[in-house]
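A look at the structure
So the chains spell out like this:
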Amino acid sequence: MFASLAEGTSTVRNYLLSPDAQAMIIACRALGATIDIHDDKLIITGVAGKPKTPDNVIDCGNSGQVL
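My aim in this report is to walk through the structure given alongside it, one point at a time.

Our next topic: the overall build of the protein chain. When helices and strands are tallied, the protein chain shows two helices and three strands. What you see for the protein chain is a C-alpha radius of gyration of 11 Å, in line with the 11 Å of a compact globule of 67 residues. Referenced to the eigenvectors of the C-alpha coordinate spread, the extents of the protein chain come out at roughly 30 × 25 × 15 Å. Residue pairs at least 24 apart in sequence account for 63% of intrachain contacts in the protein chain once pairs closer than 6 positions are excluded. For the protein chain, the exposed area adds up to about 4700 Å²; of that, 53% sits on carbon and sulfur atoms. Across the protein chain, the mean location of the 5 positive side-chain charges is 7 Å away from that of the 7 negative side-chain charges.

Even without a glycine there, the phi angle at Asn14 is positive, about 55 degrees. Within the fold, Asn14 resides in the loop between strand S1 (9–13) and helix H2 (19–30). Backbone geometry at Ala48 places phi at a positive 55 degrees, although glycine is not the residue there. Within the secondary structure, Ala48 sits in the segment after strand S3 (41–45).

This part takes up the sheet that holds strand S2 (residues 34–37). Taken in spatial order, the three strands line up as S1-S3-S2 in an open sheet, and their pairing is antiparallel. In this open sheet, the two edge strands, each paired with only one partner strand, are S1 and S2. Between one strand and the next, the sheet's axes are offset by a mean angle of 20 degrees, whatever the strand orientation. Judged from the four bridges that link them, S2 and S3 form a sheet pairing that is antiparallel. Within S3, the position partnered with Ile37 by the bridge is Leu42.

What follows deals with the pattern of salt bridges. Evaluated as defined, the whole model comprises one salt bridge. Close ionic contact of Asp55 with Lys52 constitutes a salt bridge, the shortest N to O distance being 3.8 Å. Classification of Asp55 by relative accessible area gives exposed; the value is 73%.

Along its twelve residues, H2 runs 17 Å from first to last C-alpha, staying within 8% of the 16 Å computed at 1.5 Å per residue. Listing the buried residues of H2 in full gives Ala23, Met24, Ile25, Ala27 and Cys28. Here the buried face of H2 lies against helix H1 (2–5), S2 and S3.

Conventions adopted
- Residues numbered from 1 in each chain as written.
- Predicted model: local features only at pLDDT ≥ 70, side-chain atom pairs only at ≥ 80, totals over all residues.
- Heavy atoms only, no water.
- Helix = DSSP H or I, 4+ residues; strand = E, 2+ residues; numbered from the N terminus.
- Rg over C-alpha atoms; globule rule 2.2 N^0.38 Å.
- Contact = heavy atoms within 4.5 Å.
- Areas by Shrake-Rupley, 256 points an atom, 1.4 Å probe, with all protein chains shown as cover.
- Lys, Arg positive; Asp, Glu negative; His and termini not counted.
- Charge placed at Lys NZ, Arg CZ, Asp CG, Glu CD.
- Pairing = 2+ DSSP bridges.
- Axes fitted to C-alpha atoms, helices over the stretch in contact; angles between N-to-C directions.
- Salt bridge = Lys/Arg side-chain N within 4 Å of Asp/Glu carboxyl O.
- Buried < 20%, exposed > 50% of the residue type's maximum accessible area, 1.4 Å probe, protein only.
- Expected span 1.5 Å × (residues − 1).

What follows is the structure, encoded as structure tokens:
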């Protein structure tokens, strides 16, 4: 989430691919971040503190962290 709000590109290594993480990726993409998923890392280009308005409602699933 923080990398999605930051300026520039960040790398997150050894992330846990869980339903909550998937929901967060979808939510961050809906707010304008670019997230490329690789085998053991995420490459995230943030929105520089200026998230866009989503086109639709963001489905958080059962994730309290995404909510």
